[in-house]
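So you can see what is in the structure, the chains are spelled out below.
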Amino acid sequence: MRIVLLGGPGSGKGTQAKKLTVKYGIPQISTGDIFRAAVKEGTPMGIKAKEYMDKGELVPDDVVVGVVEERLAKPDLDPGFMLDGFPRTLPQAEALDKIMGGMQKPIDHAVLVDVPDKELMKRLTGRRTCRNSDCGKMYHVMFNPPKKEGICDACGSELYQRDDDSEATIRERLNVYNEQTAPLIDYYEKKGLLRKVEGVGPIDGIFEKIVKILG
Ligand code: AP5
Ligand code: MG
Ligand code: ZN
């Protein structure tokens, strides 16, 4: 099963992807996570990506497509995958179709987690993320708090606040989403692949709705 997860910043793509990975046994590929790991390692790609991420802008398409193409060539993806945060522009969506078409493995579903902008701001300012990149679980100080403040329930590592979760950067990320990524909703609708899910409400309820769609 090959899935694209669509939705604004903070809509819950990562939260749902982590649950879906367990349920279906297919890896989550988050371009944001890949870039954050590269930033941490200080690779040339990470240094370049950080310039854009800190401003809430998109990393250039050629860089992102190169990274994803390399990842998609790995053999662990035979059972399928979940793309979280990619594609984010029309050229990225077209590049993905070309890559998957070449492998005769088209995308099966584009799941849109639909959440209004006002709610997204609240979610992102309160988000905390596990520092252990093998875990990377997301929490929220009010909506989804860990049992022990500042500590990940799953692995015991420290929780941190992402650099791009400041109010000004969130505002820019929302603008970028509405201008550059929202057109993909139409793109996947025209292909008959769009599965829209109301993304407000309890995390488990949203998960159940997605599972119902995916079967
Ligand atoms: P990326 O890491 O993809 O960030 P994003 O799209 O802004 O999305 P987020 O990860 O912030 O949100 P999410 O939807 O995963 O929500 P989450 O589950 O954490 O990208 C970061 C940057 O990298 C980009 O700005 C760009 O610079 C670059 N980049 C990445 N991909 C790129 C690409 N393809 N092209 C170009 N540049 C790219 O949930 C958020 C919070 O809400 C959490 O606190 C969670 O606990 C809480 N929450 C979740 N669900 C619920 C619920 N139902 N109710 C209440 N709270 C909830
Ligand atoms: Mg995410
Ligand atoms: Zn953890």
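Residues numbered from 1 in each chain as written. Chains lettered and ligands numbered in written order. Predicted model: local features only at pLDDT ≥ 70, side-chain atom pairs only at ≥ 80, totals over all residues. Heavy atoms only, no water.

A. Representation of the sheet that holds strand β6 (residues 138-140). On the basis of which strands lie adjacent, the open sheet formed by 3 strands has the order β6-β5-β7 and antiparallel pairing. Each having just a single partner strand, β6 and β7 (159-160) make up the two edges of the open sheet. Examined bridge by bridge, strand β5 (residues 127-130) and β6 share 3 bridges and lie antiparallel to one another. Directly across from R127, in β6, lies its bridge partner H140. Strands in contact with helix α6 (residues 117-125) are β5 and β6; relative to β5, the strand with the most contacts, it is inclined by about 50 degrees. (Pairing = 2+ DSSP bridges. Helix = DSSP H or I, 4+ residues; strand = E, 2+ residues; numbered from the N terminus. Contact = heavy atoms within 4.5 Å. Axes fitted to C-alpha atoms, helices over the stretch in contact; angles between N-to-C directions.)

B. Molecular detail of the coordination of the zinc ion (ligand 3). Within the first shell, the zinc ion (ligand 3) binds the protein through C130 (SG), C135 (SG), C152 (SG) and C155 (SG), at distances of 2.3 to 2.4 Å. Geometry at the zinc ion (ligand 3) is tetrahedral, judged from the 4 donor atoms that bind it and their angles of 96 to 114 degrees at the metal. Sequence positions of the residues that donate to the zinc ion (ligand 3) give the spacing C-x4-C-x16-C-x2-C. Separated by 25 residues along the polypeptide, C130 in strand β5 and C155 in the loop between β6 and β7 bring together distant segments of the chain. On the accessibility criterion, C130 (3% relative accessible area) is buried. (Donors = N, O, S within 2.8 Å, 3.2 Å for Na, K, Ca; no water. Tetrahedral: all angles 85-135°; square planar, octahedral: opposite > 155°, others 65-115°. Buried < 20%, exposed > 50% of the residue type's maximum accessible area, 1.4 Å probe, protein only.)

C. Just helix α5 (residues 90-102), in detail. Taking 1.5 Å as the rise per residue, α5 with 13 residues should run 18 Å; its terminal C-alpha atoms sit 18 Å apart, in good agreement. Taken as a whole, α5 has its buried residues at Q92, A93, A95, L96, I99 and M100. Looking straight down α5, one finds that the buried residues subtend no more than 160 degrees of arc, so they occupy a single side. Residues K98 and G102 are exposed on α5 and point more than 90 degrees away from its buried face. Against the buried residues of α5 lie β1 (2-6), α4 (61-72), β3 (81-84) and α8 (183-190). Positive phi shows up at Q104, right after α5, with a value of about 55 degrees. (Expected span 1.5 Å × (residues − 1). Arc of directions from axis to C-beta.)

D. Fine view of the packing of helix α7 (residues 167-181) against α8. At a minimum axis distance of 5 Å, the contact between α7 and α8 shows a crossing angle of 35 degrees. Between α7 and α8, the contacting residues are Y177, N178, E179, Q180 and T181 on the first element and P183, L184 and I185 on the second. Of the residues in the contact of α7 with α8, the class split is 4 nonpolar, 3 polar and 1 charged. (Nonpolar A, V, L, I, M, F, W, Y, C, P; charged D, E, K, R; others polar.)

E. View of the pattern of salt bridges. With the rule as written, the count across this model stands at 17 salt bridges. Among the ionic pairs, R171 bridges to E167, the shortest N-O distance being 3.0 Å. With R171 and E167 both in helix α7 and 4 residues apart, this pair spans about one turn of that helix. Taking the shortest distance from any N to any O, the salt bridge between K190 and D186 comes out at 3.0 Å. (Salt bridge = Lys/Arg side-chain N within 4 Å of Asp/Glu carboxyl O.)

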